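Chains, contacts and geometry: an overview
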Amino acid sequence: MRGEQLGIFTHGHAVPLNPEGTGSDPSWPSVRDYLVDHYDGDGDEPFWDESVWYRIEPSWMVAYSADPVGLLDRQPSV
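Regarding the confidence of the model for the protein
- For the protein, per-residue confidence averages 86 on the pLDDT scale, and 92% of positions sit at 70 or higher.
- At the level of individual helices and strands, the protein shows its lowest average pLDDT in helix H2 (residues 47–50), which scores 82, and its highest in strand E2 (residues 54–64), which scores 95.

Here is the structure:
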């Protein structure tokens, strides 16, 4: 975590969003749209559908910051 502002650790189950050869998870289209927009991608690129994407359903999760006050001070106002 050296150089990182926030660490998130989790245990759980990985659920495929768009498994090869079967129907996709109902949330996959909106997740895909978000990823394409966030990473400034081209939605027509085969990369988005040729890769298998997963969602983690956590059974345990914790976050850590060495400087939580500084981290909160850096958050953009909404």
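A short note on a nonpolar patch on the surface
- A cluster of nonpolar side chains, namely Phe9, Trp60, Val62 and Tyr64, defines an oily patch on the protein surface of about 400 Å² accessible area.
- Top contributing element to the nonpolar patch by residue count: E2, with three residues.
- Position of valine 62 relative to the elements: it lies in strand E2.
- The class for valine 62 is partly exposed, based on a relative accessible area of 36%.

Here is what the cut-offs are and how they apply
Residues numbered from 1 in each chain as written. Predicted model: local features only at pLDDT ≥ 70, side-chain atom pairs only at ≥ 80, totals over all residues. Heavy atoms only, no water. pLDDT = per-residue confidence, 0-100. Helix = DSSP H or I, 4+ residues; strand = E, 2+ residues; numbered from the N terminus. Patch = residues over 30% accessible without salt bridge, like charges linked within 9 Å, V, L, I, M, F, W, Y side chains within 5 Å. Areas by Shrake-Rupley, 256 points an atom, 1.4 Å probe, with all protein chains shown as cover. Salt bridge = Lys/Arg side-chain N within 4 Å of Asp/Glu carboxyl O. Buried < 20%, exposed > 50% of the residue type's maximum accessible area, 1.4 Å probe, protein only.

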